[in-house]
Amino acid sequence: MSHPSATTAVRRNPFRWRPDQQWEAYLFVLPSLLGFLVFVFLAVGASFGISFLDWGLTGPRGVAGLSNYRELLRDPVFWRVFRNTAFYIFTIVPTQLLLGLLIAVALNQALRGQELLRIIYFLPVVTTIVAGAIVFRLLLSRTGPLADLVSNLGELAGLPLRMPDLLGSTQYSKWSVVLLTLWKNTGFTMVIYLAALQGVPKELYDAAHVDGAGAWQRFRNITVPLISPTTFFLFILQTIGAFQLFAEPFVLTRGGPAQSSMTVVHYIYDNAFRFTRMGKASAIAWFLFLFIFGFTVMQNIMQRRWVHYETE
Amino acid sequence: MPRKLWSVLSVVMVLALALGACAPVPPAPAQPPAEAPAAKPAVTLRWAFWGSPEEAVSHKLVADAFMKLHPEIKIETWNEPWDNYFTKIQALWASGDPAAVPDIAFLWPTPKYAAEGVLENLDPYIQKSGYNLNDYWGGLLESAKYQGSVYGLPRDIEVNVLYCNKDLFDKAGVPYPDESWTWDDLLAAAEKLTVKDAGGKVVQYALAMEGGKYSKWVNQNGGAILDDYVNPSKCMLAEPKSIEAVQFFADMMNKGYAMRDADLSQAGGDAAVFLSGQAAMIIQNTSRVSTFNAAKMNYDVAVVPIPKGGKRWNPAGGAAWVMSAKSANKDAAWTFLQWLQSADGGQKLYTERGEIFPALQSAANSPAFLTDQPPANKQGIIAEAAASGVGGFGYFPEWDELDSSVIGPALQRIWAGEADPAQLLPEMCKQADQFLKDKGYPKP
Amino acid sequence: MRPNEGKTLAPSQIALYAILAAGGLVMLAPFFTILVVSLWPNQAFLARRFPLEQITLNNYLETFRVIPFGRYILNSAIVTVAVTVLQILISSLAAFAFARLRFRGREGLFLLYLATLMIPSQVTLIPNFLIIKNLGWYDTYLALIVPGLFSALSTFLLRQYYRTIPLDLDEAARMDGAGSLRIWLQVIVPLSGPVMAALAVFTFQATWNDFLWPLVVTGSQHMRTVPIGLSYFVGQYSTAWNLLMAGSMISVLPVLLIYFLAQKTFVQGITLTGLGGR
């Protein structure tokens, strides 16, 4: 049976909606669903309820109604961290997707040392965040090796180049977080893409090569569409991850200086565990949820335009 | 493919099992190890503290000493790393399970938790047993009070002194500081102790102090953070004396005499910069002493210089032992607590091990503290401790939020050299006043 | 994408190698620093001076002496292996239903799954903790393992991948009389080797390094896991950097091993013509 070319239109599901398939489906989903009900939906629902209460250390202290939400809308700290988070989303997500894909494509070829390189690029993902952040603080310091490198390069070019104060100034602190996050997480994107690339039939590339298509054309017309479901997955996931960025800025800069690199989830954490205001923390989480959910629904709708599935 | 993976995973498990079998595993820690006391203990107390494994050793020794004196009480220790302690203990309180919550715990800051109702009011116990509160350093107990009642007994007091690297002082030809030094003397010494290279980059700083300790300068100069630290109504950091003090420290950073916070944390903290000679002086509490002694540094401590016409001052605060409101053994817990916080009991033991500067004055003025281990100038530490008072931070539950949302960020911008104190502090005080109003302060 | 099968290196390949090597150095540098700090005493790190004669393996031994690290590793291993294997199984079954079977409420339920990814764990921590406590699972393996078995992320990834597998294979199997379970077992699972391997790596890694949840649901020393053990080295005033880094290095090894093995499946060209019909 010949494989349909990657550029044919999406096929409709030939199966009609069979009644017995419903039962089967529910059985397949059952273990997952049961667990979700108890360990995920319940807690998530509880946090929604809590957002309307004044919840201290040991439980509800009273009903807050909408006042938690009203307070966060007026809270200058919330909007500050929200803007920071937006910055992270727009800088990290596209870069990470692109870099991960390029590295995966490069390491998918039969190069010598391919396995070793794959391990090296994956190492940051498994390094503990504390150790990684400490090292980054050393490397990015104003008096550290990177700064020296920059000014040496500048000398060579005859320009008075100086590395901006990535850790100590409110203007540039976010960039240090961006660098740490990219370093730490690009390996994740790479591995997922590597797995996806295995699913692209080799014959397609060979056929295209025979037809005279160059490397870039093969990439654009074969690779990209066929891994688009994975790209969709990674896009959604990385955006959610960027919305919820916490560990990297927390360990690297503690959100500082002056909250210039602090994220929304860090603020949620502070409200929940430092100020013992679980109600406000939940309200912030659910307010953030609106944005993330809206984004996801929008992507879900738009995926028909660019995501290519073999099935309907 | 997955099969191979699964077989590998099982190999990993076997290896881990083997490791687990070989490694020394503490014997059934859930149950306390069976000793053979003369009388079977009638009561078991759970005692919680944070700390590294080495610090835990000190606490265990203290527990053993107590159990010898009181065989009818058994102490079970509960130790968490400092970073996680608060999350963990809050989770336990949230569960409301009296069996899970420790009877006596280490805690900071006390008023916040007292306001949540999870701590036991210690006033009745103090009165009944005639426990002497006057032995504590001035203002220290305020940090463990809520609505006028004592909810915790501080174990130690944070005393910030000036550490001096004598070798670097000798090299620069600067005399060691003494009690007569003023801010001007400090600045003059700082100028000589700062070493810059040909490019103008500082290779040796005169001073390294965390920006968070700014209250020392402010209070020395007669300024303040709030008008009242238990029931505040107004932010006082925009007063001339406060601004002057903040400007003093900001100037030191701007001139390159003192390390900026970001540089300090990148360099690994004040202990690291002092050890490596990157800073000739640091201002820090006594916890660094053991590190410097272990490295056999040639150093001494001194009182921190005060401005002309100012006063010596030290923030009165320290982590406290508290009793859980849900404890099932409150009387036994009080017996333990009282002994822990007595000059010949726990206080003496901790001080002897060199871990703390004790909260009780009599313990500080005893041979337990006044050893011949470095630093030599122990009287300087006592002098600073005697100058302790309220004024370093708020003693009301919402202080943490005010500090991290309003005051802290503004000051961080000043320490980063991005803002001018005279301009930023009045703005900040307006926000702080609004915050207090929103939270209902001052309370009637 | 193999333009040059010959032995000589094209200039484009040399450039590629150069870029990859440079990138590799960037990836490696922090890891290398961790290694260095783990081989010297703590004073060396504090003073930022690493004299060669002070190199020691003592830190690695110390981590086992100072805390019950062996026990922590055992716990982490049990929990992580159980979660990895079972979670992929459960998610795979559910993903099959979401990708292949039609049932009422399918899209809505899937969206609900996705939605749970959008609530940060900080606000569900305490509610989940209370649930565990009420089940009586506090301080047991059940508390560490069971909640981790249900992952929207795994289900999402697997569903995406299953949807790229052509329906012809399903049809062929159905015509042979196979039920959904056999299709799942004999068609879908074998074809999703690389993705399952990738998922195994990430689930293993995430569970192994999970910190906040084990902290909250365990109380006694003999139930704790590796990340909690490492946090003991971070003190209020000082950190035992040498032990922290040594512990981190040890902690990295199992995950690297799993990755190394999983990687074997990332060999392009294994799936297709050999299995026929694709």
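Because the structure is a prediction, the values reported are computed rather than measured. (Residues numbered from 1 in each chain as written. Chains lettered and ligands numbered in written order. Predicted model: local features only at pLDDT ≥ 70, side-chain atom pairs only at ≥ 80, totals over all residues. Heavy atoms only, no water.)

Provide a residue-level description of the overall build of chain B, including the pertinent values.
For chain B, the helix and strand inventory stands at 18 helices and 14 strands. The C-alpha radius of gyration computed for chain B amounts to 24 Å, which stays within 12% of the reference 22 Å derived for 444 residues, consistent with globular compactness. For chain B, the C-alpha atoms occupy an extent of roughly 65 × 65 × 55 Å along the three principal directions. Once local pairs closer than 6 in sequence are excluded, the contacts in chain B between residues at least 24 apart make up 73%. (Helix = DSSP H or I, 4+ residues; strand = E, 2+ residues; numbered from the N terminus. Rg over C-alpha atoms; globule rule 2.2 N^0.38 Å. Contact = heavy atoms within 4.5 Å.)

Give a description of the overall build of chain A that names residues and reports values.
Check the secondary structure of chain A and you find 13 helices and 2 strands. Counting every position in chain A, which comprises 312 residues, the buried fraction comes to 60%. Sequence separation of at least 24 residues holds for 70% of the intrachain contacts in chain A that already meet a minimum separation of 6. Accessible surface for chain A amounts to roughly 13,400 Å². Of this, 66% is attributable to carbon and sulfur atoms. Across chain A, the mean location of the 25 positive side-chain charges is 7 Å away from that of the 16 negative side-chain charges. (Buried < 20%, exposed > 50% of the residue type's maximum accessible area, 1.4 Å probe, protein only. Areas by Shrake-Rupley, 256 points an atom, 1.4 Å probe, with all protein chains shown as cover. Lys, Arg positive; Asp, Glu negative; His and termini not counted. Charge placed at Lys NZ, Arg CZ, Asp CG, Glu CD.)

I'd like to hear about the sheet that holds strand E6 (residues 152-154) of chain B, residue by residue, with values.
Residues and elements named next belong to chain B. Pairing in this open sheet of 5 strands is mixed, and the strands run E2-E1-E3-E13-E6 from one edge to the other. Looking at strand neighbours, the two that pair on one side only are strand E2 (73-80) and E6, the edges of this open sheet. With strand direction ignored, the average angle separating the axes of adjacent strands in the sheet is 25°. As judged from the 3 bridges shared by E6 and strand E13 (residues 320-323), these two strands associate in the antiparallel manner. Bridge pairing links Pro154 to Ala320 in E13. Each of strand E1 (43-50), E2, strand E3 (104-107), E6 and E13 is contacted by helix H13 (residues 330-340), which is oriented at about 50° to E1, the strand it contacts most. (Pairing = 2+ DSSP bridges. Axes fitted to C-alpha atoms, helices over the stretch in contact; angles between N-to-C directions.)

Requested: an account of the sheet that holds strand E9 (residues 202-208) of chain B, with residues and values cited.
All names here are of chain B. One open sheet accounts for 5 strands, arranged E8-E9-E10-E7-E11; its pairing is mixed. Strands at the two margins of the open sheet, each flanked by one partner only, are strand E8 (195-196) and strand E11 (299-302). Across 4 bridges, the pairing between strand E7 (residues 161-165) and strand E10 (residues 279-284) is antiparallel. Within the sheet, the bridge partner assigned to Leu162 lies in E10 and is Ile283. The strands that helix H7 (residues 183-193) touches are E8, E9 and E10; relative to E9, the one it contacts most, it runs at about 160°.

Report on the nonpolar core, specifying residues and quantitative values.
The nonpolar side chains of a soluble globular protein tend to be buried, and buried together. Counting residues in each nonpolar core, the largest one holds 296 residues, and the members touching the most others are Met190(A), Trp47(B), Tyr85(B), Phe357(B) and Tyr162(C). For this core, the element with the most residues is helix H4 (residues 69-100) of chain C, which contributes 16 residues. Setting aside residues up to four positions removed in sequence, Tyr162(C) forms contacts with Ser92(C), Ala95(C), Phe96(C), Ala99(C), Arg100(C), Trp184(C), Ile188(C), Ser192(C) and Met196(C). (Core = buried A, V, L, I, M, F, W, Y, C linked by side-chain atoms within 4.5 Å.)

How would you explain the interface of chain C and chain A if you had to name every residue and give the values?
With 99 residues of chain C at the contact, the number on the chain A side is 106 residues. Our count for the chain C to chain A interface comes out at 0 salt bridges. Applying the counting rule to chain C against chain A returns 13 residue pairs in polar contact (both at pLDDT 80 or more). With 14 residues, helix H1 (residues 11-38) of chain C is the single largest residue contributor to the side of chain C that touches chain A. A per-class count over the side of chain C that touches chain A returns 67 nonpolar, 21 polar and 11 charged. (Salt bridge = Lys/Arg side-chain N within 4 Å of Asp/Glu carboxyl O. Polar contact = N/O pair within 3.5 Å; in protein donor to acceptor, adjacent residues only side chain to side chain. Nonpolar A, V, L, I, M, F, W, Y, C, P; charged D, E, K, R; others polar.)

Describe in detail the pairing of E7(B), supporting the description with residues and values.
All names here are of chain B. Most of E7 is tucked away: 5 of the 5 residues are buried. When E7 meets E11, the two strands line up antiparallel, connected through 4 bridges. Of the residues in E11, the one forming a bridge with Asn165 is Tyr299.

With reference to specific residues and values, describe the packing of H7(B) against helix H9 (residues 240-254) of chain B.
Residue and element names in this part refer to chain B. Contact pair H7 / H9: the axes reach a minimum separation of 12 Å and the direction vectors enclose 10°. On the basis of their axis angle, the class for H7 and H9 is roughly parallel. Of H9, the residues touching H7 (which contributes Trp183, Leu186, Leu187 and Ala190) are Ala245, Phe248 and Met252. In the contact of H7 with H9, the residues fall into 7 nonpolar, no polar and no charged. (Parallel < 35°, antiparallel > 145°, perpendicular 65-115°, else oblique.)

Before we move on, can you summarise the side chain of Ser58(B) with the specific residues and values?
Residue and element names in this part refer to chain B. For Ser58, the location among the structural elements is in helix H2 (residues 53-69). Reaching out from Ser58, the side chain makes a polar contact with the side chain of Arg353 at a distance of 2.6 Å. Ser58 has contacts with Arg353 and Glu355, leaving out every residue within four places of it along the chain.

An account of the domain arrangement of chain A is requested, with residue identities and associated values reported.
Residue and element names in this part refer to chain A. With domains assigned, chain A is organised as domain 1 (18-63) and domain 2 (68-306). Inter-centroid distance (C-alpha atoms) of domain 1 to domain 2 is 29 Å. In this assembly, 11 residues from domain 1 lie in contact with 9 residues from domain 2. A buried area of about 750 Å², summed over both sides, lies between domain 1 and domain 2, and 61% of it is on carbon and sulfur atoms. Interface area lost by domain 1 to domain 2 is led by Phe48, Ser51 and Trp55, which between them contribute 47%. At the boundary of domain 1 and domain 2, one finds 0 salt bridges. Joining domain 1 to domain 2, the criterion identifies 5 residue pairs in polar contact (both at pLDDT 80 or more). Of all the elements in the fold, those that place two or more residues in the side of domain 1 that touches domain 2 are helix H1 (19-50) and strand E1 (53-55). In terms of residues, the side of domain 1 that touches domain 2 owes the most to one element, H1, which gives 4 residues. (Domains from an automatic or database assignment. Buried area = accessible area lost by both parts, 1.4 Å probe.)

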